[in-house]
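Report on the structure
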Amino acid sequence: MSIPINLVRGRGVGSGRPRQDSLCLRGADSKPVKEEPLSQARLFPRSLEEGLGFEYAMFHNQVENRTVCILQGGPYLQGIPGFLHGGAIATMIDSTVGMCAVLTGGAVMTANLNINFRRPIPLCSVVVINSQLDKIEGRKLFVSCNVQSLDEKTLYSEATSLFVKLDPKKTSP
Ligand SMILES: CCCCC/C=C\C/C=C\C/C=C\C/C=C\CCCC(=O)SCCNC(=O)CCNC(=O)[C@H](O)C(C)(C)COP(=O)(O)OP(=O)(O)OC[C@H]1O[C@@H](n2cnc3c(N)ncnc32)[C@H](O)[C@@H]1OP(=O)(O)O
């Protein structure tokens, strides 16, 4: 049986940096205080110059509700010398499980993210993030993932997450 694999985004596949020209600035109480175009706004993982930050492509399998991310973390993402910063790893884990949740459930937000960092990821190495939808309970989507080396011999990180579908009756966000 052939399994449909959808390329979600990737450099060289029409992956220009997304622009969001109509964002609201929000005050401390989360209420919009001023409408202003933020022409510099970028999806966080796409915010660094090519080759220096997050280099990745994601693939989604609609039949199995799985999203795979191939990631190379560039030199601007260094944490301890020679290795990826944990926050950069968390960003890409959140983005991958988030993509899995969005493509399965529509408009969602991360409510909870738990990460175990098992081994440090060498800077500029290529790793694979394998995520899958585990279950859906009402508006809640539970998605887990692991981060491995290409040869699958090294398990770098594991994570579980909860995404909540946005309630159209609520105004925020
Ligand atoms: C924003 C629009 C998104 C639209 C997306 C569409 C397209 C995007 C396209 C491309 C994007 C591609 C991929 C995604 C990339 C990256 C992903 C990054 C995502 C983020 O980086 S996003 C930022 C960080 N994220 C936040 O900034 C969330 C702040 N937060 C809230 O905005 C609310 O908290 C919210 C909305 C989460 C829920 O609020 P709510 O009012 O709708 O729901 P409520 O509180 O009633 O909870 C309902 C049920 O979830 C349970 N529940 C809730 N929270 C829980 C928790 N923490 N632990 C355990 N259970 C929890 C309750 O216990 C209840 O469970 P039960 O029903 O069983 O009682």
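Under an unreviewed UniProt entry, the name given to the protein chain is Acyl-coenzyme A thioesterase THEM4, and the organism recorded is Mustela putorius furo. As stated in UniProt under Sequence similarities (unreviewed entry), the record for the protein chain gives "Belongs to the THEM4/THEM5 thioesterase family."

To continue, consider the pairing of strand S4 (residues 54–61). The side chains of a regular strand alternate, residue by residue, between the two faces of the sheet. The buried count for S4 comes to seven of eight residues, which makes it a mostly enclosed element. Taken together, S4 and the strand that follows it, strand S5 (residues 66–73), pair antiparallel across an intervening segment of four residues, in which Asn65 is found at a positive phi of about 50°.

Residues given the UniProt feature "domain: Thioesterase" (unreviewed entry) here are residues 82–154. Strand forms 44% of residues 82–154 and helix 27%; the C-alpha atoms that close the span are 17 Å apart.

Close inspection of predicted coordinates is inappropriate in any region flagged by low pLDDT. Considering every residue of the protein chain, the mean pLDDT works out to 85; 77% of them sit at 70 or more. Taken together, the stretch residues 1–25 has pLDDT below 50 and engages in 72 contacts with residues farther than four places along the chain or on a different chain. At the level of chain-chain contacts, confidence expressed as ipTM amounts to 0.92, with global pTM at 0.85.

What counts and how
- Residues numbered from 1 in each chain as written.
- Predicted model: local features only at pLDDT ≥ 70, side-chain atom pairs only at ≥ 80, totals over all residues.
- Heavy atoms only, no water.
- UniProt positions renumbered as here; feature names shortened; annotations may be inferred.
- Buried < 20%, exposed > 50% of the residue type's maximum accessible area, 1.4 Å probe, protein only.
- Helix = DSSP H or I, 4+ residues; strand = E, 2+ residues; numbered from the N terminus.
- Pairing = 2+ DSSP bridges.
- pLDDT = per-residue confidence, 0-100.
- Contact = heavy atoms within 4.5 Å.

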